[in-house]
Amino acid sequence: MPEFLSGWPFWLVFGFLFLGAMLRGQGIYWLGRLATDQALRRTHPEGGWRLRAHRALSGEGAQRGVAAVRTWGLVIVPLAYLTVGFQSMVMLGAGILRIGWPRFTLAQVPGSLAWAGIYSTIGFAVWSAAIAAAAGSPAGIAALVALVAGIVLLLVLRRRRARRVAEELLP
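Caption draft 1: Structural view of the overall build of the chain. A count of helices and strands for the chain gives seven helices and zero strands. Expressed as a percentage of its 171 residues, the buried residues of the chain come to 28%. Of the contacts formed within the chain by residues at least 6 apart in sequence, a portion of 70% connects residues at least 24 apart. Summing over all exposed atoms, the chain offers an accessible surface of approximately 11100 Å²; the carbon and sulfur share of this is 70%.

Structural data, given as C-alpha cells:
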C-alpha cells in the first residue's frame, strides 16, 4: 500500500480507491466520448501531439475496446476492472460508442468496488512482494530487465509495423 494510505482506516482507504477508480473510468469514458467526436470527425491534423492523439483514438487499442463492448455489451465494463491495460481500452470504447452516461456509470460501479476491494486488501501487497522477490536476486533482476526490454521491443515493432502499413495506404 502506498505510504500515505498506510495509516488510514480501512473504510477510508477503500473509499479513496473506489473514488479514484470511478474518476479514472469516467475520465477515460469522457475522453472517448467527447474527444473522439472532435478529433476523428472534425479535424485532420498533420503533425505533433494532435496527430498522435488522433491516431490513438482511431488506433488498434481503442478499436479493441469498441469491439469488446459491441461483443459483450456493458458486462465487459466491470470485468475490465480485473485486468491491466484492457480496462482503459474498454472505457474508451464505451465512450467512442457513446454509451449513455447513466448506463455506463451503473455498469462501472461493481468493477470499481471490486478494484478498490482488491487493492485495499491484497493488491498492493502482491505487487510489492513480486517486485521485492524479483529485485532480491540476480536472476530476478535479469528477469525484470528482460521483461522491460521485451515490452519496449514489442512497442517499437508495433509502431514500426503501424507506420509501414500507414505509408503503404497513402497514395
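Caption draft 2: How the structure looks around the layout of surface pockets. Approximately 1300 Å³ is the volume attributed to the largest pocket. Taken together, 26 residues form the lining of the largest pocket, with R55, G59, R158, R159 and A162 sitting closest to its centre. Within the residue set of the lining of the largest pocket, elements represented by two or more residues are α2 (48-57), α3 (60-72), α5 (86-96) and α7 (138-169). Of all the elements, α7 adds the most residues to the lining of the largest pocket, at 12 residues. When its residues are assigned to classes, the lining of the largest pocket shows 13 nonpolar, four polar and nine charged. Space inside the second largest pocket adds up to approximately 220 Å³. Taken together, 14 residues make up the lining of the second largest pocket; nearest its centre are Y81, T83, Q87, W115 and Y119. Listed by contribution, the elements that provide at least two residues to the lining of the second largest pocket are α1 (10-42), α5 and α6 (101-135). Among the elements that make up the lining of the second largest pocket, the one with the highest residue count is α6 (four residues). Split into classes, the residues belonging to the lining of the second largest pocket amount to eight nonpolar, five polar and one charged.

Caption draft 3: Highlighting the environment of L82. You can see L82 is positioned in the loop between α4 (76-80) and α5. What makes L82 exposed here is its relative accessible area of 53%. Residues L82 and W115, spaced 33 residues apart in sequence, show a C-alpha to C-alpha distance of 6.7 Å.

Quick notes on the rules
The residue numbers shown here count from 1 along each chain, following its written sequence. The predicted origin of the model limits local features to residues at a pLDDT of at least 70 and limits the giving and counting of side-chain atom pairs to 80 or more, whereas totals for whole chains, interfaces and linings rest on all residues. Note: side-chain values were computed over all heavy atoms of the structure, leaving out hydrogens and water. By the criteria applied, helices consist of DSSP H or I runs no shorter than four residues and strands consist of E runs no shorter than two, each listed in order from the N terminus. Each residue gets one of three labels from its accessible area relative to the maximum for its type: buried under 20%, exposed over 50%, partly exposed in between, using a 1.4 Å probe on protein chains only. Whether two residues touch is decided by their heavy atoms; if any such pair falls within 4.5 Å, the residues are in contact. Computed by Shrake-Rupley with a 1.4 Å probe, the accessible areas treat only the displayed protein chains as cover when residues are assessed. For each structure, a 1 Å grid was placed over the protein atoms alone; sets of points admitting a 1.4 Å probe that cannot get out are labelled cavities, open sets with protein on both sides within 12 Å along at least five of seven lines are labelled pockets, and lining residues have an atom within 4 Å of a point. Grid points are joined across faces, edges and corners, and a volume is the space filled by probe spheres set on the points. The nonpolar class holds Ala, Val, Leu, Ile, Met, Phe, Trp, Tyr, Cys and Pro. Asp, Glu, Lys and Arg form the charged class, and all remaining residues, Gly among them, are polar.

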